[in-house]
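A look at the structure
If you want the building blocks of each chain, they are given just below.
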Amino acid sequence: MSGVAVTKGNATAGTDDALVVLKNVNKHFGALHVLQDIDLTISRGEVVVVIGPSGSGKSTLCRAINRLEAIDSGEISIDGKPMPAEGRELAALRADVGMVFQSFNLFAHKTVLQNVTLGQIKVRKKDKKDAEERARSLLERVGVTTQADKYPAQLSGGQQQRVAIARALAMEPKVMLFDEPTSALDPEMINEVLEVMQQLARDGMTMVVVTHEMGFARSAANRVVFMSDGRIVEETTPDEFFTNPRSDRAKDFLSKIL
Ligand code: ADP
Ligand code: MG
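As annotated in an unreviewed UniProt entry, the protein carries the name ABC-type polar-amino-acid transporter and comes from Streptomyces agglomeratus.

Dropping the structure here:
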């Protein structure tokens, strides 16, 4: 591999290794210009942490990447393929992008095991036995093996979020998006989720993580993207960002959270 600029985990930030590419992406909600000329390239194995004030467009950015939100202009491609706007191709490409939300979003009326097998069977067309085998190994990886036959409501928030991660991984995504995955958790459960994410990063998963957990950003991120008012204002290493933020907006933001 060439052009290795940043290495943490298995990241190789060479331009020939681009996995997710956003070019001049714009999105409005009515009069609100929520994504403004977003250019962002995420390389295979890279961990990008997106931070910024509430309302700056972080969730919309994540949702745009897997087309849960349509964009007004610009291009988004995953692994060299442009994101189609709809149809079967969109479903296929969307399956390459795992997403973990703040609010877990597990299927309430399915067991933990069923939550992790469902997409494999329906979308990836695996047979039940293979899907269950993979599900059990993923549940082990996120540390919830003993919960396999329970329903989401019987689990703690931290356990539910770890199941949600396992469910997303079951689809064998090329990239994982995390939108404030620990924001809805009780404080004592935050670390168990962050640890799973840290391990995933070390295993070389390409990740986009919206979070206010600055410890995670410092230790796991190859790059920090700071958003404000729909724009990427700064894009740099965590070290540089936390010790030497350039823009007033980043300085102001950091002074409030650190
Ligand atoms: P963040 O995740 O950084 O807090 P969001 O991407 O959720 O920001 O939202 C960016 C802006 O877009 C906010 O002002 C929000 O109120 C607005 N917004 C988000 N979703 C919608 C929507 N579906 N309709 C209208 N406005 C929206
Ligand atoms: Mg958000």
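What follows continues from the structure just given.
1. Here we look at the sheet that holds strand β4 (residues 73-78)
Read from one edge to the other, the open sheet built from four strands follows the order β2-β1-β4-β5, with strand pairing classed as antiparallel. Looking along the sheet, the strands with just one partner apiece sit at the ends: β2 (32-43) and β5 (81-82). Sheet strands in contact with helix α1 (residues 58-65) are β1 (18-29), β2 and β4, and its direction is about 60° off that of β2.

2. Some words on the packing of helix α5 (residues 157-170) against helix α6 (residues 187-202)
With their axes 8 Å apart at the nearest point, α5 and α6 run at an angle of 20° to one another. In terms of axis orientation, α5 runs roughly parallel to α6. Here α5 and α6 pass one another in a crossing that is right-handed. Counting all contacts with α5, which are made through Gly157, Gly158, Gln159, Gln161, Arg162, Ile165 and Leu169, the residues of α6 involved are Met189, Glu192, Val193, Val196, Met197 and Leu200. Here the contact of α5 with α6 is composed, by residue class, of seven nonpolar, four polar and two charged.

3. With respect to the sheet that holds strand β3 (residues 47-51)
Spatial ordering of the open sheet is given by β6-β7-β8-β3-β9-β10, a layout of six strands whose pairing is mixed. If you trace the sheet from one side to the other, it starts and ends with β6 (97-100) and β10 (231-236), each paired once. Neighbour-to-neighbour, the strand axes of this sheet turn through a mean angle of 20°, independent of strand direction. Where strand β9 (residues 223-228) and β10 come together, five bridges link them in antiparallel fashion.

Parameters at a glance
- Residues numbered from 1 in each chain as written.
- Chains lettered and ligands numbered in written order.
- Predicted model: local features only at pLDDT ≥ 70, side-chain atom pairs only at ≥ 80, totals over all residues.
- Heavy atoms only, no water.
- Pairing = 2+ DSSP bridges.
- Helix = DSSP H or I, 4+ residues; strand = E, 2+ residues; numbered from the N terminus.
- Contact = heavy atoms within 4.5 Å.
- Axes fitted to C-alpha atoms, helices over the stretch in contact; angles between N-to-C directions.
- Parallel < 35°, antiparallel > 145°, perpendicular 65-115°, else oblique.
- Left-handed = near helix turned anticlockwise from the far one by under 90°.
- Nonpolar A, V, L, I, M, F, W, Y, C, P; charged D, E, K, R; others polar.

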